[in-house]
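Here's the letter readout for the chains.
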Amino acid sequence: MTLATVPETKPAQSRRTRWQVAAAVAIGVGIQLVGAAIIIGSLPVLLGDRFWQVVRAIQPLPLISTPTLLNGLILVILGQGIRERRRAAYLLVLILQIPTLAVDIWIAFFAARPATIPPVPGHWGERIFLEMLTAFLLILALVLLRGVFTMRLPRTALASGVSVLAGGLAVSAALGITLIWLFPGAVGVGRDRVIWALHATVGPVPSGILLREPWSRPPVWTLHTVNLVSSLALLVALTVFIGASRRQQTMTPDDELGIRRLLLMSRTADSLGYFGTRREKTIAFAPDRQAAVSYAVFQGVALASGDPLGAQADWPAAIAVWRRDCERNGWSTAVLGVTEDGAQAYRAAGFRVSRLGDEAVLPTDTFDLDDQRVGSVRRSLRRLRRAGYRF
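These figures come from a predicted structure and were not determined experimentally. (Residues numbered from 1 in each chain as written. Predicted model: local features only at pLDDT ≥ 70, side-chain atom pairs only at ≥ 80, totals over all residues. Heavy atoms only, no water.)

Asker: Looking at this model, I keep getting lost on the packing of aromatic side chains. Mind explaining?
Answerer: Two measures describe an aromatic ring pair: the distance that separates the ring centres and the angle between the ring planes. Taken as a whole and judged by the stated rule, the model has five aromatic pairs. With a centroid separation of 6.1 Å and 50° between ring planes, the pair formed by Tyr 295 and Trp 322 is classed as tilted. Note that Tyr 295 is positioned in strand S3 (residues 291–298) and Trp 322 in helix H10 (residues 315–329), a separation of 27 residues in sequence. Accessibility assignment for this pair places Tyr 295 and Trp 322 in one class, buried. (Phe/Tyr/Trp six-rings, centres within 6.5 Å; stacked < 30°, edge-to-face > 60°. Helix = DSSP H or I, 4+ residues; strand = E, 2+ residues; numbered from the N terminus. Buried < 20%, exposed > 50% of the residue type's maximum accessible area, 1.4 Å probe, protein only.)

Structure below.
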């Protein structure tokens, strides 16, 4: 008998999880919309400064406060990570927000204000308190939703992406230093040229404390050129990261020997057991390695085919390990083509079972073409032989 299984959860838990996931997706979409607005706002020739003033009033990440293409791309990527419930994106947004909230609290309540700037109400005070409120609400929401950010980044993919990005930013910084040195504009001091080149590379406006000439500024076209190179480096790094992430971790030689040993010792009627030994599969072994689940990931779904392999008494442990791996990576789980025994094991693990149909099984040790019940098979065989086929 062939059956398909999908996860089943308690109704209350399912509703709570759905709301948490929906809230995380909404936060991610909001960050992406602000990123798109910043990308549009980075075109001052077309839109002027007023559009950017509106963007600054609504953006949820005040630390990214410069209307550059790179900053907009960073927000779009971060928002996508939040939507996909990636833990790295969740932590990075918190890292950006917590210092922002701390700095705004310091400025609002403790820092000395220029005499020409009224404390509150007024534009300066409204801006600071808007940033404080936005940062506080975003931190609170992310902390409350921390349980849904389970998807972890593949380490090899992350290393590849970071390496490409670091190389690209190094090229961009070298280009920035060269351009600003050749076309300094109002930047007269050598150290200020380096600081402005780094600004063009990574985005934030340099603080007046760092500059020897606080009001100096290089030609705008040099900043946009360098920032464009940094943006291209970010896109290339993202492409490399996505490509590396899609390369699923396949079984090792030890895994292959282990899964074949389990297939040999299995006493199940599952006809799909042998396909679990295919080398593009990933194996989740029970802690004692006496049972295992073989699966492959397709579009975020970890699909296992057939019963678990190995001792039937250890199937629940193997299923539990597989589900934990999937939860850690943010994958949905499903199983296709299990027997009655396998269906019972997955049902006991919290899955819902749906019958697809019966499987045709041919007992080769007792099958006989002379049997009257297979006359149609004999006639088909004779037609093939007359056509020249041999068996």
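Asker: Whenever I open this one, the nonpolar core confuses me. Can you help?
Answerer: Proteins that are soluble and globular tend to have nonpolar side chains buried together. Counting 24 residues, the largest nonpolar core has Ile 27, Ile 82, Val 93, Leu 142 and Phe 149 as its most contacted members. Residue assignment for this core shows that the elements contributing at least two residues are helix H1 (11–41), helix H3 (69–83), helix H4 (87–109) and helix H5 (123–144). Considering every element that reaches this core, the biggest residue donor is H4, with seven residues. In contact with Ile 27, other than residues within four places in its own chain, are Ile 82, Leu 138, Ala 141, Leu 142 and Leu 145. Val 293, Ala 304, Trp 322 and Val 338 belong to the second-largest nonpolar core, a separate cluster that totals 20 residues. (Core = buried A, V, L, I, M, F, W, Y, C linked by side-chain atoms within 4.5 Å. Contact = heavy atoms within 4.5 Å.)

Asker: Would you take a moment to explain a positive patch on the surface for this structure?
Answerer: A cluster of basic residues, Arg 379, Arg 382, Arg 383 and Arg 386, forms a positive patch at the surface. Positionally, Arg 379 belongs in helix H12 (residues 375–386). The class of Arg 379 is partly exposed, set by a relative accessible area of 45%. (Patch = residues over 30% accessible without salt bridge, like charges linked within 9 Å, V, L, I, M, F, W, Y side chains within 5 Å. Areas by Shrake-Rupley, 256 points an atom, 1.4 Å probe, with all protein chains shown as cover. Salt bridge = Lys/Arg side-chain N within 4 Å of Asp/Glu carboxyl O. Lys, Arg positive; Asp, Glu negative; His and termini not counted. Charge placed at Lys NZ, Arg CZ, Asp CG, Glu CD.)

Asker: I keep staring at the pairing of S3 and nothing clicks. Help me out?
Answerer: Two faces make up the sheet, and in a regular strand the side chains alternate between them. When you tally the buried positions in S3, you get six out of eight residues, the bulk of the element. Pairing of strand S2 (residues 282–285) with S3 involves four bridges; the strand directions are antiparallel. Residue pairing across strands places Ile 283 opposite Ser 294, the latter belonging to S3. Connecting the antiparallel pair S2 and S3 is a turn made up of five residues, with Arg 289 showing a positive phi of about 60°. Bridge count between S3 and strand S5 (residues 309–310): two bridges; the pairing is antiparallel. Bridged to Ala 292 within S5 is Leu 309. Note that S3 and strand S4 (residues 301–305) share four bridges and pair antiparallel. Residue Phe 298 lies in a different strand from S4, and its bridge partner there is Val 301. Counting the residues in the hairpin turn of S3 and S4 gives two residues, including Gln 299, whose phi is positive at 50°. (Pairing = 2+ DSSP bridges.)

Asker: What exactly am I supposed to notice about unusual backbone geometry here?
Answerer: Both trends apply: most residues other than glycine have a negative phi, and most peptide bonds are in trans. Even without being a glycine, Arg 85 presents a positive backbone phi close to 60°. Along the polypeptide, Arg 85 turns up in the loop between H3 and H4. You will see that Arg 289, though not glycine, has its phi angle at about 60°, which is positive. One can find Arg 289 in the loop between S2 and S3.

Asker: Help me understand a nonpolar patch on the surface in this model?
Answerer: A cluster of nonpolar side chains, Leu 133, Phe 136, Leu 137, Leu 140 and Leu 144, forms an exposed patch at the surface whose accessible area comes to about 490 Å². Among the structural elements, Leu 144 can be located in helix H5. For Leu 144, a relative accessible area of 58% translates into the label exposed.

Asker: Help me understand the pattern of salt bridges, please; the structure alone is not making it clear to me.
Answerer: Should the charged atoms of two oppositely charged side chains come close, the side chains can pair. Within the structure shown, the criterion is met by four salt bridges. Arg 373 is the partner of Asp 371 in a salt bridge, and the nearest nitrogen-oxygen pair spans 2.8 Å. Judged by relative accessible area, Arg 373 falls into the exposed class, the value being 73%.

Asker: I keep staring at H3 and nothing clicks. Help me out?
Answerer: An α-helical turn contains 3.6 residues, so a residue and the one three or four places further along point in the same direction. Look at H3: 21 Å from first C-alpha to last across 15 residues, which is about the 21 Å you get at 1.5 Å a residue. Those residues of H3 that fall on the buried side of the exposure criterion are Leu 70, Asn 71, Gly 72, Leu 73, Leu 75, Leu 78, Gly 79, Gly 81 and Ile 82. (Expected span 1.5 Å × (residues − 1).)

Asker: What is the right way to read H4 from this model?
Answerer: Taking 1.5 Å as the rise per residue, H4 with 23 residues should run 33 Å; its terminal C-alpha atoms sit 33 Å apart, in good agreement. Among the residues of H4, Ala 89, Tyr 90, Val 93, Leu 94, Leu 96, Gln 97, Thr 100, Leu 101, Asp 104 and Ala 108 are the ones counted as buried.

Asker: Would you take a moment to explain the packing of H10 against helix H11 (residues 340–348) for this structure?
Answerer: What describes two packed helices is the angle between their axes and the distance between those same axes. Viewed as axis vectors pointing N to C, H10 and H11 meet at an angle of 55°, and their least axial separation amounts to 10 Å. Here H10 lies oblique to H11, going by the angle between them. Of the two possible hands of crossing, H10 and H11 adopt the one that is right-handed. Only Asp 341, Gly 342, Ala 345 and Tyr 346 of H11 make contact with H10, whose side of the interface consists of Trp 315, Ile 319 and Trp 322. Of the residues in the contact of H10 with H11, the class split is five nonpolar, one polar and one charged. (Axes fitted to C-alpha atoms, helices over the stretch in contact; angles between N-to-C directions. Parallel < 35°, antiparallel > 145°, perpendicular 65-115°, else oblique. Left-handed = near helix turned anticlockwise from the far one by under 90°. Nonpolar A, V, L, I, M, F, W, Y, C, P; charged D, E, K, R; others polar.)

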